Amino acid sequence: MSDPIAVELDAQYRQLREECGLLDRSERGKLIVGGPEGAEYLQGQLTNDVEALAPGEGRYAALLDRKGHMQADMRVLRLSPEEIWVDTEPAALEAARRHLEMYKIGREATVVDVGEERAILSLIGPRSVEVAGTAALPELASEATAVDGVECLAVGTDAGIDLIAKATDAAKLREALLAAGAAEVGPAAAEVLRIEAGTPRFGAEMSAETMPAEAGIVERAVSFTKGCYIGQEPVARLHYKGRPNRHLRGLRLSAPAAAGAALRLGEKEVGRVGSAALSPARGPIALAIVRREAEPGSELSVGEDGVTARVVDLPFG
């Protein structure tokens, strides 16, 4: 008999690849940094050039400690001259909020947690723009829109459109999107797409022990021309003078494996599985940050159950 869970995952995966899936991502951390000095303040905290953003523009950025290790990664959107939206993985919210509150002392800047007040509904797939009824937006660009009378901020993503609305309007917005042709999907199906794309996630591949170069996010998240920020020196030193001892890689697995499983090259542990999934198109795959010697083409042992992994470049082909 077919596994009903696998059948459902396959259906949702096809929906995301071919049509439009709807995923509620309202659990993400959500902050608004405001005030006359809000943008200047964030500029000295984050890895990317956020002060230069005009309303409607956005950046991907990271928040680091003084040793260059990640505390959070985040989407940063300029809403207005004195309002900047920040959203993070749930696992990173507390550290980000605590840091941004602590360092703003003496500045005309505010940090407001709007997590309970706003919802984020993600449309994923080739029909996302059609379902949302918005203009096609580049990734991280945003514009105000309305869907069936619900006022939203539409944000371009790598796979579709995010709609940010008041939490009290979320149910009405969800119904309107389903009526327009979206189909609800679960986080497991969206995770398959993320892993296939080779996109690391804080709380999975990335943690407080990770530097941006190890996660392969420097090109997207780091500006080397914007001036000082916390953790800048070790990040710049690694970029210009060294090379990371660890790299984000893909793993093609001989059988499904669990997140956290040890990865060994011969007798040496070279990392641990970050995220794993059973892709309907590619079989069992995973992402992991592994030591440099685990090069593409290497064969690794996974955990204690005889599973093996071939290291591959990303994204998965």
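Residues numbered from 1 in each chain as written. Predicted model: local features only at pLDDT ≥ 70, side-chain atom pairs only at ≥ 80, totals over all residues. Heavy atoms only, no water.

Thoughts on the sheet that holds strand S8 (residues 142-147)
Turning to step 1, where the next piece is worked out: Taken in spatial order, the 6 strands make up an open sheet running S8-S9-S10-S7-S1-S11, and their pairing is mixed. Strands at the two margins of the open sheet, each flanked by one partner only, are S8 and strand S11 (183-184).
Turning to step 2, where the next piece is worked out: Here 6 bridges tie S8 to strand S9 (residues 150-156), and the two strands are oriented antiparallel to one another. Paired with Ala146 across the two strands is Glu151, which belongs to S9.
Turning to step 3, where the next piece is worked out: Packed onto the sheet, helix H5 (residues 170-179) meets strand S1 (21-24), strand S7 (118-124), S8, S9, strand S10 (160-166) and S11 and runs at close to 15° relative to S7. (Pairing = 2+ DSSP bridges. Helix = DSSP H or I, 4+ residues; strand = E, 2+ residues; numbered from the N terminus. Contact = heavy atoms within 4.5 Å. Axes fitted to C-alpha atoms, helices over the stretch in contact; angles between N-to-C directions.)

What about the pattern of salt bridges?
Turning to step 1, where the next piece is worked out: Taken as a whole and assessed by the stated rule, the structure comprises 27 salt bridges.
Turning to step 2, where the next piece is worked out: Here Arg28 and Asp87 are joined by a salt bridge, their closest N and O atoms 2.7 Å apart. Pair noted here: Arg28 is in the loop between S1 and strand S2 (29-34) and Asp87 is in strand S5 (residues 83-88), with a separation of 59 residues, a long-range link. Both residues of the pair, Arg28 and Asp87, belong to the buried class.
Turning to step 3, where the next piece is worked out: Linking Glu94 and Arg97 is a salt bridge whose minimum nitrogen-to-oxygen distance equals 2.3 Å. Of the two residues, Glu94 and Arg97 both sit in helix H3 (residues 90-103), 3 residues apart, roughly one turn of that helix.
Turning to step 4, where the next piece is worked out: In this structure Glu94 comes out as partly exposed when scored by relative accessible area, which is 41%. (Salt bridge = Lys/Arg side-chain N within 4 Å of Asp/Glu carboxyl O. Buried < 20%, exposed > 50% of the residue type's maximum accessible area, 1.4 Å probe, protein only.)

Things to note about helix H6 (residues 187-197)
Turning to step 1, where the next piece is worked out: Buried within H6 we find Ala189, Ala190, Val192, Leu193, Arg194, Ile195 and Glu196.
Turning to step 2, where the next piece is worked out: Tucked inside the fold, the buried residues of H6 contact helix H1 (4-18), S1, S7, strand S14 (268-279) and strand S15 (283-291).
Turning to step 3, where the next piece is worked out: Looking one or two places after H6, you find Gly198, whose phi comes out positive at around 75°.

With respect to the packing of aromatic side chains
Turning to step 1, where the next piece is worked out: For the structure shown, the criterion picks out 1 aromatic pair.
Turning to step 2, where the next piece is worked out: Arg220 extends its terminal NZ or CZ atom over the ring of Tyr60, reaching a point 4.0 Å from the ring centre. (Phe/Tyr/Trp six-rings, centres within 6.5 Å; stacked < 30°, edge-to-face > 60°. Lys NZ or Arg CZ within 6 Å of the ring centre and 35° of its normal.)

Points about the nonpolar core
Nonpolar side chains tend toward joint burial in soluble globular proteins.
Turning to step 1, where the next piece is worked out: Core analysis: the largest hydrophobic core is formed by 53 residues, its most contacted members being Leu42, Leu46, Met74 and Val76.
Turning to step 2, where the next piece is worked out: What Met74 contacts, discounting residues up to four positions off in sequence, is Leu46, Arg59, Tyr60, Ala61, Leu63, Val86, Asp87, Thr88 and Ala96.
Turning to step 3, where the next piece is worked out: One finds Cys20, Leu173, Leu177 and Ala182 within the second-largest nonpolar core, a separate group that totals 18 residues. (Core = buried A, V, L, I, M, F, W, Y, C linked by side-chain atoms within 4.5 Å.)

Description of H3
Turning to step 1, where the next piece is worked out: Between the first and last C-alpha of H3 there are 21 Å, a value that for 14 residues agrees with the 20 Å anticipated at 1.5 Å per step.
Turning to step 2, where the next piece is worked out: Where H3 is concerned, the buried positions are Ala92, Leu93, Ala95, Ala96, His99 and Leu100.
Turning to step 3, where the next piece is worked out: Considering only its buried residues, H3 is in contact with S2, helix H2 (38-43), strand S3 (58-64), strand S4 (70-80), S5 and strand S6 (110-113). (Expected span 1.5 Å × (residues − 1).)

Topic: the pairing of S15
Turning to step 1, where the next piece is worked out: Among the 9 residues of S15, 8 are classified as buried, and the element is accordingly described as predominantly covered.
Turning to step 2, where the next piece is worked out: As paired strands, strand S12 (residues 246-253) and S15 are joined by 7 bridges and run antiparallel to one another. Note on S15: the bridge partner recorded for Arg252 is Ile285.
Turning to step 3, where the next piece is worked out: Where S14 lies against S15, 8 bridges are found, and the strand directions are antiparallel.

Notes on the environment of Gly133
Turning to step 1, where the next piece is worked out: Mapped onto the elements, Gly133 comes out in the loop between helix H4 (128-132) and S8.
Turning to step 2, where the next piece is worked out: You can call Gly133 exposed: its relative accessible area is 58%.

A look at unusual backbone geometry
Turning to step 1, where the next piece is worked out: For the peptide bond that leads from Leu314 to Pro315, omega is -5°, which places it in the cis range.
Turning to step 2, where the next piece is worked out: Structurally, Pro315 can be placed in the segment after strand S17 (307-312).
Turning to step 3, where the next piece is worked out: One non-glycine residue, Asp148, lies in the positive phi region at around 50°.
Turning to step 4, where the next piece is worked out: Judged by relative accessible area, Asp148 falls into the exposed class, the value being 54%.

Topic: the sheet that holds strand S13 (residues 262-265)
Turning to step 1, where the next piece is worked out: One closed barrel accounts for 6 strands, arranged S12-S15-S14-S13-S16-S17; its pairing is antiparallel. Strand-to-strand twist in this sheet, taken as the mean axis angle between neighbours without regard to direction, amounts to 40°.
Turning to step 2, where the next piece is worked out: Packing of H6 onto the sheet brings it into contact with S14 and S15, and relative to S14 it is tilted by some 130°.

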